[in-house]
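Examination of the molecular architecture
Spelled out, the chains give:
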Number of protein chains: 4
Amino acid sequence: MSFTYYRTVRFQDTDSAGVVYFANILKICHEAYEESLEVSGINLKYFFLNPKIAYPIIHANIDFFKPIYCGDKLEVQLIPQKVTNEKFEISYEIFIADVIVSKAMTRHASIDIVTRQKREISDEIDRWIQVLNQR
Amino acid sequence: MSFTYYRTVRFQDTDSAGVVYFANILKICHEAYEESLEVSGINLKYFFLNPKIAYPIIHANIDFFKPIYCGDKLEVQLIPQKVTNEKFEISYEIFIADVIVSKAMTRHASIDIVTRQKREISDEIDRWIQVLNQR
Amino acid sequence: MSFTYYRTVRFQDTDSAGVVYFANILKICHEAYEESLEVSGINLKYFFLNPKIAYPIIHANIDFFKPIYCGDKLEVQLIPQKVTNEKFEISYEIFIADVIVSKAMTRHASIDIVTRQKREISDEIDRWIQVLNQR
Amino acid sequence: MSFTYYRTVRFQDTDSAGVVYFANILKICHEAYEESLEVSGINLKYFFLNPKIAYPIIHANIDFFKPIYCGDKLEVQLIPQKVTNEKFEISYEIFIADVIVSKAMTRHASIDIVTRQKREISDEIDRWIQVLNQR
């Protein structure tokens, strides 16, 4: 039903309030996205460095339910969903010891990297969405 | 009507897609918040390091309208608003040469730093909200 | 002889030159240090959040031999060494597919967290140094 | 004699030890480098995004003399120096209220962005070095 990414919270993720800096949780969500792409057979180097089609984030939102500390063991569950032929969304739920601590979403547009015009989602992303929805 | 923060996009803000990494725009919004606090007379060191009351972000959302590049000159306009006695929100609009490129919001809870229980927003934050709304 | 930390390079680690931003390699070295502490039985939350003795970095240096890309599989080998009773150093070597790509060092002082005066390295850090040197 | 960059320490620069995370000082040094390039008339967007010649950092070192806190007002003085026709170094000294708190150096190689082979430093970088040494 979803992909799970395991991540220990690092010192650099925290701030002087003693907990994780809010925007860094979105970075951890993006890591989970990258890991899920790789697991489905996508080469990250080609995907992120010199693609023909790119999938920039056009919207993100996040809720924080509990403080997150250095050393905490995060379990990030993600599930992607096609919105239109040129858009997909990823939902993230983050747990520590089975308690949900944060929830997020990113919306991605599919664009031609040169013209930055809308393009159809590629077959490999289509497959990634399908595979993660069948698990 | 609002506070404006000026910020040049730095190399470290970008990623290998050649534009600013999405979560870094939220960091720039938080910088604008910090600057607005300081301008209204709040000592950032005390505010962020050893406060009695803290204002952790419990929700954030952001929309991206245009790609943002290294060297771009950002103008971040922010306006805070009280939601309840224990919550406030900040709206951010980011412009490059008068064109809006991104829009964001952060919602902050007011909590006792030791017990992490809800507390009323402090007088200095109250004043900050009022002052920024009168400009 | 040393501890090895495995780390996939993430999109957020890169910059618009298409490779990892230089200072982020030092962050990855620090992650390896944290992982090695945890493996030797140290609780990261207590170690980094509210310690009596802290080990701030007083010097760091790093050499870069090859460009590092998003998706690259890093192998970080580290070995700590006691310099004096109040100082230790950690050497890091970073490999991709058995080729060294970077080399770094961090020097840490042992200080009382309240007075920021020099203090003897704790027994747990002493043990961590010994254990990693016996492997 | 040198270029000075002014920078307020931000919440995101700190970690749960309550002070600036070590590697972030190197990021602030790089910001000073970018600002000095821009002041000497170099377009940062072209310089960092699609250059023919790039100047990756091949070595960096840094010393920390004092803890640095959120809200601190940093004054970063930098001075570049040509080492060979294909290499330059930048020295950085960071002050808070006239007290030195950190000192760093970055060494940059001049390379062809496509072949990654050594190339002579460009005329604009040559001029930047000369201008900053005459101030």
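Rules of the game
Residues numbered from 1 in each chain as written. Chains lettered and ligands numbered in written order. Predicted model: local features only at pLDDT ≥ 70, side-chain atom pairs only at ≥ 80, totals over all residues. Heavy atoms only, no water. UniProt positions renumbered as here; feature names shortened; annotations may be inferred. Helix = DSSP H or I, 4+ residues; strand = E, 2+ residues; numbered from the N terminus. Buried < 20%, exposed > 50% of the residue type's maximum accessible area, 1.4 Å probe, protein only. Polar contact = N/O pair within 3.5 Å; in protein donor to acceptor, adjacent residues only side chain to side chain. Axes fitted to C-alpha atoms, helices over the stretch in contact; angles between N-to-C directions. Parallel < 35°, antiparallel > 145°, perpendicular 65-115°, else oblique. Contact = heavy atoms within 4.5 Å. Nonpolar A, V, L, I, M, F, W, Y, C, P; charged D, E, K, R; others polar. pLDDT = per-residue confidence, 0-100. Least-squares fit on C-alpha atoms with pLDDT ≥ 70 in both. Buried area = accessible area lost by both parts, 1.4 Å probe. Salt bridge = Lys/Arg side-chain N within 4 Å of Asp/Glu carboxyl O. Pairing = 2+ DSSP bridges.

With an unreviewed UniProt entry as reference, chain A is termed 1,4-dihydroxy-2-naphthoyl-CoA hydrolase, source organism Brunnivagina elsteri CCALA 953. Chain A has a UniProt comment under Sequence similarities (unreviewed entry) that states "Belongs to the 4-hydroxybenzoyl-CoA thioesterase family. DHNA-CoA hydrolase subfamily." According to UniProt, the comment filed for chain A under the heading Catalytic activity (unreviewed entry) is "1,4-dihydroxy-2-naphthoyl-CoA + H2O = 1,4-dihydroxy-2-naphthoate + CoA + H(+)".

Time to look at unusual backbone geometry. Not every positive phi belongs to a glycine, and A:R116 is a case in point at roughly 60°. Within the secondary structure layout, A:R116 lies in the loop between β7 (111-112) and α3 (123-134). In this structure, C:A97 takes a positive phi of about 50° despite not being glycine. Inspection of the secondary structure puts C:A97 in the loop between β5 (87-96) and β6 (99-109). The class for C:A97 is exposed, based on a relative accessible area of 69%.

On to the environment of A:N43, then. Residue and element names in this part refer to chain A. Residue placement: N43 occurs in the loop between α1 (22-39) and α2 (44-49). Along the primary structure N43 and Y69 are separated by 26 residues, whereas in three dimensions their C-alpha atoms are 32 Å apart. Within the local environment of N43, its side chain forms a polar contact with the backbone nitrogen of K45, the two atoms lying 2.9 Å apart.

Attention shifts here to the packing of α1(A) against helix α1 (residues 22-39) of chain B. Packing of α1(A) against α1(B) brings their axes to within 9 Å, and their N-to-C directions diverge by 180°. One way to sum up the angle between α1(A) and α1(B) is to call them roughly antiparallel. Contact with α1(A), carried on its side by A:F22, A:A23, A:N24, A:L26, A:K27 and A:H30, involves B:F22, B:A23, B:N24, B:L26, B:K27 and B:H30 of α1(B) and no other residues of that element. Looking at the contact of α1(A) with α1(B), its residues break down into six nonpolar, four polar and two charged.

Looking at chain A, the pLDDT average stands at 95 and 99% of residues meet or exceed 70. If you check the scores for this complex, the pTM reads 0.97 and the ipTM reads 0.95.

Turning next to the relation of the copies chain A and chain B. At an RMSD of 0.0 Å, chain A and chain B line up after a rotation of 180° and a shift of 0.0 Å along the axis. The symmetry that links the two subunits is that of a two-fold axis. Across chain A, the rotation axis passes nearest the C-alpha of A:N61, at a separation of 2.0 Å. An overlap of 100% is found between the interface residues of chain A and their copies at the interface of chain B, pointing to a shared contact surface.

Taken together, the contact between chain A and chain B spans 24 residues of the former and 24 residues of the latter. When the buried surface of chain A facing chain B is broken down by residue, A:F22, A:K27 and A:R116 rank first, second and third, together holding 24% of it. On inspection of chain A and its partner chain B, the count reaches zero salt bridges. Where chain A meets chain B, there are 10 residue pairs in polar contact (both at pLDDT 80 or more). Those elements that provide at least two residues to the side of chain A that touches chain B are α1, α2 and β3 (57-64) of chain A. If you tally residues by element for the side of chain A that touches chain B, the top one is β3(A), at eight residues. Inspection of the sheet shows β3(A) paired to strand β3 (residues 57-64) of chain B by five bridges, in the antiparallel sense. Each bridged residue has a counterpart across the sheet, and for A:H59 the counterpart in β3(B) is B:D63.

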